[in-house]
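Examining the three-dimensional arrangement
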Amino acid sequence: RVRRRSLISSFLSGGLAGGTTTTVLYPIDFLRTRLAMDIGSSPEVRRYPRGMRDVLCITLKSDGIKGIYQGYGIALFGVVVYRALHLG
């Protein structure tokens, strides 16, 4: 019984560690991904010519704070499951 409780505790702590990391770092990863997808032949063609600041400002203006967390749910689920199994 003590071993089972230890195993459950280990899974929970791994899942919470992954969830916390994803929650804190997801907006930065989202901005980086948006910037990486913005390929253009010249700065005039690009949507975000001045970098991450443009990505953040345009996303906040068009979608609000929810825009920065687009896709967060599935990313959180995947990381929590992975970390729970990996660290647990």
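Note that the structure is predicted; figures quoted are calculated from it, not measured. (Residues numbered from 1 in each chain as written. Predicted model: local features only at pLDDT ≥ 70, side-chain atom pairs only at ≥ 80, totals over all residues. Heavy atoms only, no water.)

With respect to the pattern of salt bridges
Here is the rule we go by: Salt bridges are identified by distance alone: a Lys or Arg side-chain nitrogen within 4 Å of an Asp or Glu carboxyl oxygen. Secondary structure is summarised from DSSP: a helix means a run of H or I of at least four residues, a strand means a run of E of at least two, and numbering begins at the N terminus for each. Remark: exposure states derive from per-residue accessible area (1.4 Å probe, protein chains only) relative to the maximum for the residue type, with buried under 20%, exposed over 50%, and partly exposed in between.
Counted by the stated rule, this structure contains 2 salt bridges. Salt-bridge contacts for Asp29 lead to Arg32; the nearest nitrogen and oxygen are separated by 2.4 Å. A residue pair is termed a helical-turn pair when its members lie 3 or 4 positions apart in one helix, as Asp29 and Arg32 do in helix H1 (residues 2-37) at 3 residues. On the accessibility criterion, Arg32 (48% relative accessible area) is partly exposed.

Quick look at the packing of H1 against helix H4 (residues 72-87)
Condition: Helix axes use the C-alpha atoms of the stretch in contact, all axes being lines fitted to C-alpha atoms, and the angles between their N-to-C directions lie in the range 0 to 180 degrees. By convention, the crossing between two helices is left-handed when the near helix turns anticlockwise from the far helix through less than a right angle, and right-handed when the turn is clockwise. When checking whether two residues touch, look at their non-hydrogen atoms; a contact exists if any pair is within 4.5 Å. The residue classification treats Ala, Val, Leu, Ile, Met, Phe, Trp, Tyr, Cys and Pro as nonpolar and Asp, Glu, Lys and Arg as charged. All others, Gly included, are polar.
At a minimum axis distance of 7 Å, the contact between H1 and H4 shows a crossing angle of 145 degrees. Crossing angle aside, the handedness with which H1 passes H4 is right-handed. The segment H1 lies against H4, with Ser10, Phe11, Gly14, Gly15, Gly18, Gly19, Thr22, Thr23 and Tyr26 engaging Tyr72, Ala75, Leu76, Val79, Val80, Arg83, Ala84, Leu85 and Leu87. Here the contact of H1 with H4 is built from residues that sort into 10 nonpolar, 7 polar and 1 charged.

Let's talk about the packing of aromatic side chains
Going by this rule: Aromatic rings from Phe, Tyr and Trp, taking only the six-membered ring of Trp, are treated as a pair when their centres fall within 6.5 Å; an angle between ring planes under 30 degrees marks them as stacked, one over 60 as edge-to-face, and anything in between as tilted.
Summed over all chains, the structure comprises 4 aromatic pairs. Ring plane angle 20 degrees and centroid distance 6.2 Å describe the contact between Tyr26 and Tyr69, whose orientation is recorded as stacked. Of the two residues, Tyr26 sits in helix H1 while Tyr69 sits in the loop between helix H3 (65-68) and H4, which places them 43 residues apart along the sequence. A relative accessible area of 32% means that Tyr69 is categorised as partly exposed. The rings of Tyr26, Phe30, Tyr69 and Tyr72 are connected pair by pair, giving a single aromatic cluster.

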